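# Survey of secondary and tertiary structure
As a plain string of letters, each chain reads:
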Amino acid sequence: MKFRRKTTLSLYWKCQLIGWSLASLYWSILGLIGGQFKISIGLVQFFSDVVLYIFITHLYRIFALKNHWQDLNLTDLFKRIIPAILVMAIVYTLVTTLKVYGIRIVFSIGTFPDLKTLTGPTGIGIFMAGIRLMAIWILAFHLYYYAKREIRIARENILLKLATKQAQFSQLTAQLNPHFLFNSLNTIKSLISTSPKLARRAVDLLSELLGNSLYEHSGGFCRLDRELDLVRDYLELETLRMQERLSFEIEVSPVALTRLIPRLSLQTLVENAVKHGISQLNQGGKISILIRDLGNFLEIKVENPVPLQQKESTSGLGLKNLRERLKVAYHEKASFEININPGAYAQAKLKLPLYEQDQNFNC
């Protein structure tokens, strides 16, 4: 048995029909009170008003959405809608005048007026009514889209904060992983007798990593230089544990250091490189981090050697979380990919649109 999908009118069309129907009904009541009302003419007036004025305002909607007026800030929007109201009022005056003339001709009501009517009291009255009606309609239209945009932004901010909290939790879980903690404590224990200075440094690094996960930086974005400090601490601690099996180099454009990136995004890539690359190789290897400012985009590359049997490691919780955060924060404008050449190297590449630096992101 096949079921037909029930079609329903959107909120926009419901508002259009209800709004203009009520306006036309109001004009019909005024005509009835004035004692010059005929049912046949009233019905023609009613339906012609609804159809014509919906047509006019719908054309404005198409034009506004095509030019993305719904995404403008309030200042730029008002610069456009004020002249738009005047243009719409003129169109309303012309359409209304021609409609009235047409009805008079069809129903043989009086004589066809000359063009002086357009510049006389009648034309001015229609024009002023058009100003009021179009101003109300246009303001209501953009108020709806403004409220819709604010709701969407608020929802995305909530999702981004939740994703950031999940990333913090994932990082903390990884760092409190018994294996990680056990290895770190064993490293500190072995260094106490051989190199107390390095042992103290390892304790400081472990404390900073855990403290950063628990207390610091609740915002969704962070300056790149702050993220690099965290990455260096993590890699230094891993170097103390793995010794000569792990080395790393970081090459970054100076101008990129103040750019904003999703917090823990670079840290996630580096942890993935250590876990699925360096730690799986007996001889270890080097992690290379290259960060470039491309003008409109920030490009981040993390490269590391991988074993022969290495498979694509892109389905982990940390990487999945990173993809979700990028989707929410950049609206599909960011790109993230991992290319693996088994037995040679793996490269994680992150390309982020650059946010304006005056935006208020916590770091």
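In the block above lies the structure referred to throughout.
## Some details on the overall build of the protein chain
Across its full length, the protein chain carries 10 helices and seven strands. Pairs at least 24 residues apart make up 77% of the contacts formed inside the protein chain by residues separated by at least 6 positions. Of the roughly 21800 Å² that the protein chain leaves accessible, carbon and sulfur atoms contribute 61%.

## Digging into the side chain of Lys-99
Summarising the element assignment, Lys-99 is placed in helix α3 (residues 74–106). With a relative accessible area of 11%, Lys-99 lands in the buried category.

## Examining the packing of helix α8 (residues 224–242) against helix α9 (residues 265–276)
Between α8 and α9, the shortest axis-to-axis distance is 9 Å and the interhelical angle comes to 20°. Regarding the angle of α8 to α9, the classification is roughly parallel. Considering only the axes of α8 and α9, their crossing is right-handed. Counted together, Leu-224, Glu-227, Leu-228, Leu-230, Val-231, Tyr-234, Leu-235, Glu-238 and Met-242 of α8 and Ser-265, Leu-266, Gln-267, Val-270, Glu-271 and Val-274 of α9 form the full contact between these two elements.

## Comments concerning the nonpolar core
Among the nonpolar cores identified, the biggest contains 47 residues, and Leu-266, Ile-287, Ile-289, Ile-291, Ile-300 and Phe-336 are the most heavily contacted of them. Element by element, the count of residues in this core is highest for α8, at nine residues. Residue contacts for Phe-336: discarding those within four places in its chain leaves Leu-269, Leu-319, Leu-322, Arg-323, Leu-326, Ala-348, Lys-349 and Leu-350. By size, the runner-up hydrophobic cluster in this structure holds 27 residues, among which are Ile-54, Trp-69, Ile-81 and Met-134.

About the cut-offs
Residues numbered from 1 in each chain as written. Predicted model: local features only at pLDDT ≥ 70, side-chain atom pairs only at ≥ 80, totals over all residues. Heavy atoms only, no water. Helix = DSSP H or I, 4+ residues; strand = E, 2+ residues; numbered from the N terminus. Contact = heavy atoms within 4.5 Å. Areas by Shrake-Rupley, 256 points an atom, 1.4 Å probe, with all protein chains shown as cover. Buried < 20%, exposed > 50% of the residue type's maximum accessible area, 1.4 Å probe, protein only. Axes fitted to C-alpha atoms, helices over the stretch in contact; angles between N-to-C directions. Parallel < 35°, antiparallel > 145°, perpendicular 65-115°, else oblique. Left-handed = near helix turned anticlockwise from the far one by under 90°. Core = buried A, V, L, I, M, F, W, Y, C linked by side-chain atoms within 4.5 Å.

Such coordinate-based values are descriptive only and should not be taken to indicate function.
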